[in-house]
Amino acid sequence: QVQLVESGGALVQPGGSLRLSCAASGFTVSPYIMSWYRQAPGKERELVARITTSGGTTNYADSVKGRFTMSRDNAKNTVYLQMNSLKPEDTAVYYCNARRLYIILYDYWGEGTQVTVSS
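Residues numbered from 1 in each chain as written. Predicted model: local features only at pLDDT ≥ 70, side-chain atom pairs only at ≥ 80, totals over all residues. Heavy atoms only, no water.

**Considering the state of the cysteines**
Covalent bonding between the sulfur atoms of two cysteines defines a disulfide. Where we set the bar: Defined by distance alone, a disulfide is two cysteine sulfur atoms within 2.5 Å. The secondary structure listing takes helices from DSSP runs of H or I that are at least 4 residues long and strands from runs of E that are at least 2 residues long, numbered from the N terminus. The classification of residues rests on relative accessible area computed with a 1.4 Å probe and restricted to protein chains. Under 20% of the type maximum is buried, over 50% is exposed, and intermediate values are partly exposed.
Summed over all chains, the structure comprises one disulfide. Between Cys-22 and Cys-96 runs a disulfide, and the two sulfur atoms are separated by 2.0 Å. Between Cys-22 and Cys-96, the S-S torsion sits near -85°, and that sign places the bridge as left-handed. With a gap of 74 residues between them, Cys-22 in strand 3 (residues 18-25) and Cys-96 in strand 9 (residues 92-102) connect regions that are remote in the sequence. Of the two residues, Cys-22 and Cys-96, neither departs from the other in class, the shared state being buried.

Dropping the structure here:
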């Protein structure tokens, strides 16, 4: 079964750090563009970070540039999101996404992990 499982979400104080992980099973992530999205209550789901298949290029939302770093370890079938200098507005459910277009679109989502930034 194809599965993405996020972990690492927690309650953290402003200015703190968290490292989210997304472990894939049932498929190999190497040919997939991997992304992190987040959704806060009452807001649209937004793209936080995206990484190319080889990990050579990353893109970030303006709101997290300089604070978040996405990486991937294809050998471990896992992607990561290092979050530093967290702000209350980072509070959201964070979702891992794998996407690949080959003949048809393969678009997989995890169930999310809660990140709460509060004092």
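**Some points on a nonpolar patch on the surface**
Where we set the bar: The patches reported here contain residues having more than 30% relative accessible area and no salt bridge. Joining distances are 9 Å for like charges and 5 Å for nonpolar side chains (Val, Leu, Ile, Met, Phe, Trp, Tyr). Per-residue accessibility takes into account occlusion by the displayed protein chains alone, with areas from the Shrake-Rupley method and a 1.4 Å probe. By definition here, a salt bridge exists when the distance from a side-chain nitrogen of Lys or Arg to a carboxyl oxygen of Asp or Glu is within 4 Å.
A grouping of Tyr-102, Ile-103 and Ile-104 is seen on the molecular surface, where their side chains present a nonpolar patch of about 370 Å² in accessible area. Within the secondary structure, Ile-104 is located in strand 10 (residues 104-109). Since its relative accessible area comes to 47%, Ile-104 is described here as partly exposed.

**Focus: the pairing of strand 10**
Condition: A pair of strands is considered paired only if DSSP assigns at least 2 bridges between the two.
Sheet topology note: the strand 9/strand 10 ladder contains six bridges and is antiparallel. Bridge pairing links Arg-100 to Tyr-106 in strand 10.

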